[in-house]
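Per-entry structural report
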Amino acid sequence: MKRFLRKLLNSDEKPLIPVLALAAAGSALLSTSNETSSRTSILVSVPKTLKDSFTLRWKDSLLRPAFLSPDQSQLCIFPLSFVRSGLDSPGNVKEDSSGEDGDGEKHKCCNCFGRDTIANAAATAGPAVVNISVSRGFHGLSTGRSIGSGTIIDADGTILTCAHVVDFQGLSISSKGKVDVTLQDGRVFEGTVVNADLHSDIAIVKIKSRTPLPTAKLGTSNKLRPGDWVVAMGCPLSLQNTITAGIVSCVDRKSSDLGLGGMRREYLQTDCAINAGNSGGPLVNVDGEVIGVSIMKVLAADGLGFAVPIDSVIKIIDHFKKRGRVIRPWLGLKMLDLNDIVVAQLQERDPSFPKVNKGVLVSMVTPGSPADRAGFHPSDVVVEFDGKPVGTINEIIDIMGDNIGKQLKAVVKRANDVTATLTVIPEEANPDM
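Residues numbered from 1 in each chain as written. Predicted model: local features only at pLDDT ≥ 70, side-chain atom pairs only at ≥ 80, totals over all residues. Heavy atoms only, no water.

**Some points on the overall build of the protein**
Tallying secondary structure elements over the protein gives 9 helices and 20 strands in all. Looking at the protein residue by residue over its 433 residues, the buried ones come to 36%. Counting contacts in the protein only where the partners sit at least 6 residues apart, residues at least 24 apart contribute 58% of the total. Of the roughly 25,200 Å² of accessible surface on the protein, a fraction of 53% belongs to carbon and sulfur atoms. (Helix = DSSP H or I, 4+ residues; strand = E, 2+ residues; numbered from the N terminus. Buried < 20%, exposed > 50% of the residue type's maximum accessible area, 1.4 Å probe, protein only. Contact = heavy atoms within 4.5 Å. Areas by Shrake-Rupley, 256 points an atom, 1.4 Å probe, with all protein chains shown as cover.)

**Some thoughts on the nonpolar core**
Ranked by size, the top nonpolar core spans 42 residues in total, and within it Ile-159, Leu-160, Val-181, Leu-183 and Val-313 carry the most contacts. Tallying contributions element by element places helix H6 (residues 310-323) first for this core, with 5 residues. Setting aside anything within four residues of it in sequence, one finds Ile-159 in contact with Val-130, Ile-132, Gly-150, Thr-151, Ile-152, Val-181, Ala-203, Ile-204, Val-205 and Ile-207. Within the second largest apolar cluster, 21 residues are counted, among which are Leu-333, Ile-393, Met-400 and Leu-422. (Core = buried A, V, L, I, M, F, W, Y, C linked by side-chain atoms within 4.5 Å.)

**Some details on the sheet that holds strand S11 (residues 290-297)**
The 6 strands are arranged S7-S8-S9-S12-S11-S10 in a closed barrel whose pairing can be described as antiparallel. The sheet shows a mean angle of 45° between the axes of neighbouring strands, direction not considered. In this structure, strand S10 (residues 282-284) lies alongside S11, joined through 3 bridges in antiparallel fashion. In the strand pairing of S11, Val-284 is matched with Val-290. Along the sheet, helix H4 (residues 117-125) makes contact with strand S7 (229-234), strand S8 (242-254) and S10, crossing S7 at roughly 40°. The sheet strands contacting H6 are S11 and strand S12 (305-309), and the helix crosses S12 at an angle near 45°. (Pairing = 2+ DSSP bridges. Axes fitted to C-alpha atoms, helices over the stretch in contact; angles between N-to-C directions.)

**A closer look at the confidence of the model for the protein**
Model confidence for the protein is summarised by a mean pLDDT of 77, while 69% of its residues fall at 70 or above. The least confident element of the protein, judged by mean pLDDT, is helix H2 (residues 19-25) at 43; the most confident is S10 at 97. Across residues 49-108 the pLDDT falls below 50, and counting only partners more than four positions away or on other chains, this stretch makes 73 contacts in the model. Long-range and interchain partners of residues 169-175, a stretch whose pLDDT sits below 50, account for 17 contacts in this model, where long-range means more than four residues apart. (pLDDT = per-residue confidence, 0-100.)

**Section: the pattern of salt bridges**
What the rule picks out here adds up to 12 salt bridges. Between Asp-185 and Arg-187 there is a salt bridge whose closest N-O contact spans 3.0 Å. A relative accessible area of 24% means that Arg-187 is categorised as partly exposed. Across the pair Glu-428 and Arg-325 runs a salt bridge, and its minimum N-O distance is 2.4 Å. Here Arg-325 lies in the loop between H6 and strand S13 (329-330) and Glu-428 lies in strand S20 (residues 427-428), a separation of 103 residues in the sequence. For Glu-428, a relative accessible area of 33% puts it in the partly exposed group. Beyond isolated ion pairs, a larger network of salt bridges with shared partners links Asp-252, Lys-254 and Glu-266. (Salt bridge = Lys/Arg side-chain N within 4 Å of Asp/Glu carboxyl O.)

**Notes on helix H9 (residues 393-400)**
Note: α-helices contain 3.6 residues per turn, so residues at a spacing of three or four share the same orientation. Within H9 the residues assigned to the buried category are Ile-393, Ile-396, Ile-399 and Met-400. The buried residues of H9 occupy one face: seen down the axis, they fall within an arc of 125°. Buried residues along H9 sit against S13, strand S14 (333-338), strand S15 (359-365), strand S16 (381-385), strand S17 (388-389) and strand S18 (408-414). Directly after H9, the chain includes Gly-401, whose backbone phi takes a positive value near 60°. (Arc of directions from axis to C-beta.)

**Regarding the pairing of S7**
Two faces belong to every sheet, and in a regular strand the side chains alternate between them. Burial of S7 is extensive: 5 of the 6 residues sit out of reach of the surface. Here 6 bridges tie S7 to S8, and the two strands are oriented antiparallel to one another. Its bridge partner being in S8, Val-230 is matched across the sheet by Gly-246. Relative to S10, S7 runs antiparallel, the two sharing 2 bridges. Looking at the pairing, Ala-232 lines up with Leu-283 of S10.

**Observations regarding the side chain of Thr-270**
In this fold, Thr-270 is placed in strand S9 (residues 266-270). Here the side chain of Thr-270 touches Cys-272 through a polar contact of 3.4 Å, landing on its backbone nitrogen. Not counting the four nearest positions on each side in its chain, Thr-270 is found in contact with Val-230, Ile-247, Val-248, Ser-249, Leu-283, Gly-303, Leu-304 and Gly-305. (Polar contact = N/O pair within 3.5 Å; in protein donor to acceptor, adjacent residues only side chain to side chain.)

**Some thoughts on unusual backbone geometry**
One non-glycine residue with positive phi stands out, namely Asp-201, at about 65°. Relative to the assigned elements, Asp-201 resides in the loop between strand S5 (188-197) and strand S6 (202-206). With a relative accessible area of 13%, Asp-201 lands in the buried category. One non-glycine residue, Asn-416, lies in positive phi territory at about 60°. Assignment of secondary structure puts Asn-416 in the loop between S18 and strand S19 (418-424).

**Some words on the environment of Pro-389**
Mapping Pro-389 onto the fold places it in strand S17. What makes Pro-389 exposed here is its relative accessible area of 60%. Note: C-alpha distance between Pro-389 and Val-411 (22 residues apart in sequence) is 9.0 Å. The contacts of Pro-389, once residues within four sequence positions are left out, are Val-383, Glu-384 and Glu-395.

**Observations regarding H6**
The end-to-end C-alpha distance of H6, which contains 14 residues, comes to 20 Å, matching closely the 20 Å that a straight helix rising 1.5 Å per residue would cover. Along H6, the residues that are buried comprise Ile-310, Val-313, Ile-316, Ile-317, His-319 and Phe-320. The arc that holds the buried residues of H6, viewed along the axis, is 165°, so those residues lie on one side. Summarising the geometry of H6, the exposed residues directed more than 90 degrees from the buried face are Lys-321 and Lys-322. (Expected span 1.5 Å × (residues − 1).)

Below is the structure:
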């Protein structure tokens, strides 16, 4: 019996039938040819339906709990599931691309979310998160200190934070551009505000250290999707080394959606707990990469926090390095991205609306602006800009870059499919807009 079971378990050709199934079958016939013989033969008879229901591909599958990753050191949280054998024949079972059989090849667990995922992300970026404290005053009178957060993004002591943390939007800084920076390991430095851009609310602080400084890696925000896990880090209410976790609610929340005037801005919306003191702190992904800078929350609601996407921050930092300030071209247009549904609705309302599949609709032209002088009209549809087809506002912004005073050709579609080519010269935007 033992020899038979051993042979059955080691077989690569026959399907494995669990021993419990043999007992449950109730029809197993055991017979011995000679009770005194040292050799015993065992005949097993199992109904075909029961046999099929317990058939597993032994060679191509490993029995492993569905909530465990192939890497036994990592616990993966997945819904507990069981293989419904018998519904699919063994020949129709697909190979599992996330793991290998026991041939020594490395197992992979793609997109696993385990009990240590948040902790690992926090441990990766946490040492680079700092407390920023600024003395503020008004007309020579001290009004206390403001507490914010920041992230060391370069070993030379470059710290990324919010402009309102170090500028206070008009209130004089009694420290004259100096801030106190406290690391999580307890070290305290005097920092200098190098650059600040109030429009984007991004600032750069610099510290000098003779000993190595921890740094956080900058990731990318253009691949984020609603529902992705993120971690907000900082020192809310002066409580340093605080982390909160949540998900991305929206990847391109417009400033106009929040009732913020001025030039167009986009934010990451999350449901992470954000409080006073979190401003300037990093928003990181599950890999511990910085994908945003927390700047504000909605006071009248829970779970509505906003961060500047790191892709926008990287562009701002590049402007700081090149010119010491951010250059923003201005056309004087309010525009709307078009898609098939919006176009169909507009054509239904107005049969003369141009027949386009995509483009950017001009909803308003500011009088006296570069666009007004170029001849743009409300209801124009921009389909080409500087020789490149466009379908979104962001594409037009990317094409303009930081070009000021450069002639750019725009092809627009008008009522009754009239095409016009306009020449516009961007001007630098007023920082107070």
